Amino acid sequence: MNSKIKVSVIIPVYQVENYLERAVDSVLAQTLEEKEIILVDDGSQDTSPQICDQYEKAYPELIRVIHKKNEGLGIARNTGIRVASGEYIAFLDSDDTVEPEMYEEMYAKASGENLDIVMCDVKIIYVEENKTSIVSSYPKENFDLADYIANGNNITYSVNKLFRRSIWEENSYEKMLFEDISLIPSLVTRYHRIGYVKKPFYHYYRRANTLSTTFSGNMIDIIQAFRNFIDTSDPYYHEEVVYCTAKQLYWNMTQSRVLFQADFIEFLKEYKKDFLLNSYLAKDRKIHSILDFLKKDVIPDKIICVHFARAIPQEYLEKITEHFPKTKLITADESYYSKDQLPDNVNQAIDSGHLSYAEEYVSLKLLLEEGGIVVTPDSRPNLNLKKLRLNQIFFGFEDPDQITSGCYGALANHYVIQALLETYEKDNIFNKAFLPLKERIRDFLIIHFQLQVNGKKQTLHGEIPVYLPSVLSYDMQDGENCCKKSEFPVPEGYELVSDTVLKMWSDRLMENWNLYKRELQSKHPSAVKTASIDSGMLSQDLFQRELERQIQSVVDNYENSTCWKITKPFRAIAKIFGK
Amino acid sequence: MPNQRKLIIANSVYQLLTAVHMRQTILQDYDVDLLITDITAALKDYLPRLNETKLFKRVIFGNIKELNRKYIIEKEAEISEGFENVSRLLKWILSEELSIYSEIYFANFDIFTRMLACYFYRLSCDFICYEDGFSSYVIDYLRQDRTPLNLHPEASKIKDKVKMVLLYEPQLAIRGDRLPNRALPKIKRDNEQLKEVLNYIFNYKRTQRYADFIFLEQSFRAEGLKTNDLALISECQHTVGSSRFIVKPHPRNPENIPFQLGLTRRYSENIPWELFLLNEDPKNLTMITVCSNAALTGRIVFGIDMNTIMLYQLFEGKVLWKEDEILKRYLRKFRRQFAGSNYYVPETIYELRSILKYLGGHDEQ
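Criteria and cut-off values
- Residues numbered from 1 in each chain as written.
- Chains lettered and ligands numbered in written order.
- Predicted model: local features only at pLDDT ≥ 70, side-chain atom pairs only at ≥ 80, totals over all residues.
- Helix = DSSP H or I, 4+ residues; strand = E, 2+ residues; numbered from the N terminus.
- Buried ≥ 20, exposed ≤ 12 C-beta atoms within 10 Å, placed from the backbone.
- Contact = placed C-beta atoms within 7 Å.
- Axes fitted to C-alpha atoms, helices over the stretch in contact; angles between N-to-C directions.
- Parallel < 35°, antiparallel > 145°, perpendicular 65-115°, else oblique.
- Nonpolar A, V, L, I, M, F, W, Y, C, P; charged D, E, K, R; others polar.
- Domains from an automatic or database assignment.
- Core = buried A, V, L, I, M, F, W, Y, C linked by C-beta atoms within 7 Å.
- Pairing = 2+ DSSP bridges.
- pLDDT = per-residue confidence, 0-100.
- Right-handed = clockwise from strand over helix to strand, strands pointing away.
- Expected span 1.5 Å × (residues − 1).

J.: How do you make sense of the overall build of chain A when you look at a structure like this?
T.: Within chain A, the secondary structure is distributed over 24 helices and 18 strands. When burial is assessed residue by residue, chain A has 41% of its 579 residues classed as buried. Considering only contacts within chain A whose residues lie at least 6 apart along the sequence, 75% involve residues at least 24 apart.

This is the structure in structure tokens:
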């Protein structure tokens, strides 16, 4: 390795034993000779470190390996940058590949025109679907930067670009997800000498279960990445940067990361004037539609946990860290409010040992003051809970008869929460007998909003959703759970569900199943016959297996039918009128 | 000296109790005749003992039930004919001839009382209405559109004769008429003399307590109303346990349906409810009712703050007090101003269960 190196290719490596060789080989096959490859092993636990070492041993002049503890992609790239000696730097993700001519042609362009950044197009390979598509960065090779920022593609990628190494003397990746979005587009606005080779040199392999296709709590970093993009870009391109961000937001809010919609809405509001006054947005009807979200209130990103005379369980805190790393966790114990801030009956409850009654009051009080989502120490929230922030207030059933007080949320100063709190000041049975909050909420909703106590989802007066027990109390493994009770330890892979909820769930499935059968029979009488079995022809065991197979087949058909999905609301309406 | 003789008409046990009380308090310095009627059949049984007490100058008995029934359904001409013959009718239906009175105390604006008003119309005799439960607080019986009788020239003469309404809690009155409301003194439970007299009249003997939770049935079935009262009774029994729960049947209901359905043990006592309240310690006793006046008696008459659960918010059925805004207002006013901390009006069935459990009921399951 020496100063003649034209391009340093940095490959962060983390748990990619199946793909790493393909990636490295694609760089070794580059037609550009004056290159170096820096493999930054980011604390992999698989055989990736050994594979790296073998490459270094085989190509000591070409390949350098750095082993470090796991800190994420951005920090791994920074580590590689620090040891890189090439005139330009390129990044390659360890599960992707590059065309052999990529770095030679891009370097030629860069050095020939004294450019800071050169980029190319990207070929996306959809692995499972066995399809490819080429995403052109810009329609023309000679491009206008402002137009590129506003209307180009691939602006956020690190990997389809060649960067002058000196850029990295004053810039580095942050330790976060979406480090690319946070930094690269901003660099594009600040380093104006940019070139473009209009060829799809970079091959991006898109698979299920990768960062871009699965969700995790720290994906909230995308908000900070957008913020960084707007705040650190060259102000000269502010209009284009805001529009570019709006396009990314549109995609994230409506397609790829709807789960985080409440966070995006808060971000929109944070830069409200920038979006509202943007001239590009004003002309783009489709993207302009994101501004409708500005009218929507979302529950603040706060979790309220009140714990009187008990510690918050470690498992609870781990869930918060895992799923809600940027959420404000408000914890309160018995010293949070002074006695004179609490009603007499709550003080009496504390004095007489009815701590859960006092806990519940303080939870409500904090919810009124702060807004957010109350999650009791006995409950375990998961990432899906974010979805519920799109409500102004929400509750859920614990079972067919009870509303859960383990998890519920509201905007600050919501009138329902205010009214519930005021019931603590009144002479009623709930206060006399220190009854649990869940009874107070249920009866309040019955009296004022005609709650039907049946465990079924309903939206009261069009504004207060009350969810199924599967949403806020028990995980029925249907993908809908947002928070579940965790009062008793259960083995891995098991769920503890109350018998009433289990029965309700079973009835619900049967109801749907029978509805499906009726519809199927009315439309395709012959289809039902396929599900009939001549039990006399089969042994009991075979019969059972055949029955299960046929049931599964019909269930799959039923669940996957587009027609069935589309007509669901109509059936629901017809059912209501049918009653 | 002007005539100061008074007459009290009593149609029910509750009215009789108040009549005795008035005799011993506000009318203690006067000669007082008592007129008890067959509107409540049992009153006739108390007649000998009433006489024995010598509380009243005379105790007269009136068979007025048929009279009231007959004229309430007659046409105007027949009503007019009846009012023309009041003197003769009175001779037929009363056990003794009436005297001349300066004041007549009554509780119901029925045909009989209206006839008396005609009978005494030209004499200096004031009619004074006295408390008959919550209807005395909320119903303007003389409003023109309430009954055709109020448009009849004779039957409506009572309007000129009534001077005031005596109530145990006059501040609760919201009838909307212009009659002044005056206070009746409360009956003090430690008034042993009154208690002794009343116990003698009603031949009250102390009994064992029936149960800790007493459901006071109302006359919905007698009035042909379709309601959910049996479901409410069942809910209460289920929550507190059958051994501690009993339903006091309403005398006007033709059958004891709750008993037949197994919703209660047999309630065999036949003592007036008010006397029971006067004598028994209400501690740990809970009264449950849809909206029976009897449940309010303890508070209104005796000032006892006993556990009372009013189920009218959970009641389903077409009854006057569910539709009449004045009655609703009365119930709200009663609750806010008077009910006390042991008065419960559950708004959901779940709240009812919680209240029953809080008051000592338990689930037998």
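J.: I keep staring at the packing of helix α18 (residues 437-449) of chain A against helix α16 (residues 349-358) of chain B and nothing clicks. Help me out?
T.: Any two packed helices are characterised by how steeply their axes cross, that is the angle between the axes, and by the distance between the axes. Orientation of α18 of chain A relative to α16 of chain B, taken along the N-to-C sense of each, is 140°, at an axis distance of 9 Å. With respect to α16 of chain B, the element α18 of chain A is oriented oblique. Taken together, the residues of α16 of chain B that come into contact with α18 of chain A (itself represented by E439, R442 and D443 of chain A) are Y350, E351 and S354 of chain B. The class makeup of the residues in the contact of α18 of chain A with α16 of chain B is one nonpolar, one polar and four charged.

J.: Just checking my understanding: could you explain the domain arrangement of chain B for this structure?
T.: Interface size is commonly expressed as the accessible area that is lost once the parts come together. Residues and elements named next belong to chain B. Taken domain by domain, chain B holds domain 1 (6-201) and domain 2 (213-358). Distance from the C-alpha centre of domain 1 to the C-alpha centre of domain 2: 27 Å. On the side of domain 2, 20 residues touch domain 1, which itself brings 17 residues to the contact. Of all the secondary-structure elements, those providing two or more residues to the side of domain 1 that touches domain 2 are α1 (13-24), α7 (135-138) and α9 (192-201). By residue class, the composition of the side of domain 1 that touches domain 2 is eleven nonpolar, two polar and four charged.

J.: Could you clarify how one ought to interpret the nonpolar core in this entry?
T.: Nonpolar side chains in soluble globular proteins generally cluster together in the buried interior. Within the largest apolar cluster, 248 residues are counted, with the highest numbers of intra-cluster contacts made by I11 and L162 of chain A together with I8, L34, I104 and I214 of chain B. Other than its neighbours up to four places away in sequence, I8 of chain B contacts A19, M22, V32, L34, L35 and Y105 of chain B. Core analysis: the next-biggest nonpolar cluster, separate from the first, contains five residues, M476, V497, V501 and M504 of chain A among them.

J.: I would appreciate a short explanation of the interface of chain A and chain B in the present structure.
T.: Contacts between chain A and chain B engage ten residues on the former and nine residues on the latter. Within the residue set of the side of chain A that touches chain B, elements represented by two or more residues are α17 (429-432) and α18 of chain A. The element best represented in the side of chain A that touches chain B is α18 of chain A, accounting for five residues. Each residue belonging to the side of chain A that touches chain B can be placed in one class, and the counts come to five nonpolar, no polar and five charged.

J.: How should the pairing of strand β4 (residues 88-91) of chain A be read in this particular structure?
T.: Along any regular strand, the residues point their side chains to alternate faces of the sheet. Residue and element names in this part refer to chain A. Burial of β4 is two-sided: the residues Y88 and A90 facing one way and the residues I89 and F91 facing the other way are all buried. Both β4 and strand β8 (residues 161-164) contribute to a ladder of three bridges, which runs antiparallel. Bridge pairing in β8 links I89 to F163.

J.: Which parts of the structure should I look at to understand the confidence of the model for chain B?
T.: Mean pLDDT over chain B stands at 88; residues scoring 70 or higher make up 95%. Note on the complex model: pTM 0.79, ipTM 0.74.

J.: What's the story with the pairing of strand β8 (residues 213-216) of chain B in this structure? I'm lost.
T.: Residue and element names in this part refer to chain B. Side chains F213 and F215 of β8 all project onto a buried face; the interleaved residues I214 and L216 project onto the opposite face, where all are buried too. Note that β8 and strand β9 (residues 245-248) share four bridges and pair parallel. Among the inter-strand pairings, I214 is bridged to a residue of β9, identified as I246. Each parallel crossover has a hand, and for β8 linked through helix α10 (residues 229-240) to β9 it is right-handed. In terms of strand pairing, β8 meets strand β10 (residues 286-289) through four bridges, oriented parallel. Residue pairing for β10: I214 is matched across the bridge by M287.

J.: How do you make sense of the environment of L451 of chain A when you look at a structure like this?
T.: Residues and elements named next belong to chain A. Looking at where L451 falls in the secondary structure, it is placed in the loop between α18 and β16 (458-460). Sequence separation between L451 and I464 is 13 residues, and the spatial gap between their C-alpha atoms is 10.0 Å. When sequence neighbours within four positions are dropped, the list of residues in contact with L451 reads R442, L445, I446, L460 and V466.

J.: Any chance you could explain helix α15 (residues 355-370) of chain A here in plain terms?
T.: Each α-helix turn comprises 3.6 residues. Residues three or four places apart therefore point the same way. Residue and element names in this part refer to chain A. With 16 residues, α15 should cover 22 Å at 1.5 Å per step; its first-to-last C-alpha distance of 22 Å lies within 8% of that length. When α15 is considered as a whole, its buried residues turn out to be Y357, A358, E359, E360, Y361, V362, S363, L364, K365, L366 and L367. At the exit of α15 stands G371, carrying a positive phi of roughly 75°.

J.: Honestly, the domain arrangement of chain A in this entry has me stumped. Any pointers?
T.: Residue and element names in this part refer to chain A. Entries for chain A in the domain assignment read domain 1 (7-210), domain 2 (229-295), domain 3 (302-497) and domain 4 (501-578). Taking the mean C-alpha position of each, domain 1 and domain 2 sit 27 Å from one another. Taken together, the ten residues of domain 1 in the interface contact ten residues of domain 2. Counting only elements with at least two residues in the side of domain 1 that touches domain 2, the list comes to α5 (145-151) and α6 (179-190). Looking at the side of domain 1 that touches domain 2 element by element, the count peaks at six residues for α6. Here the side of domain 1 that touches domain 2 is composed, by residue class, of six nonpolar, three polar and one charged.

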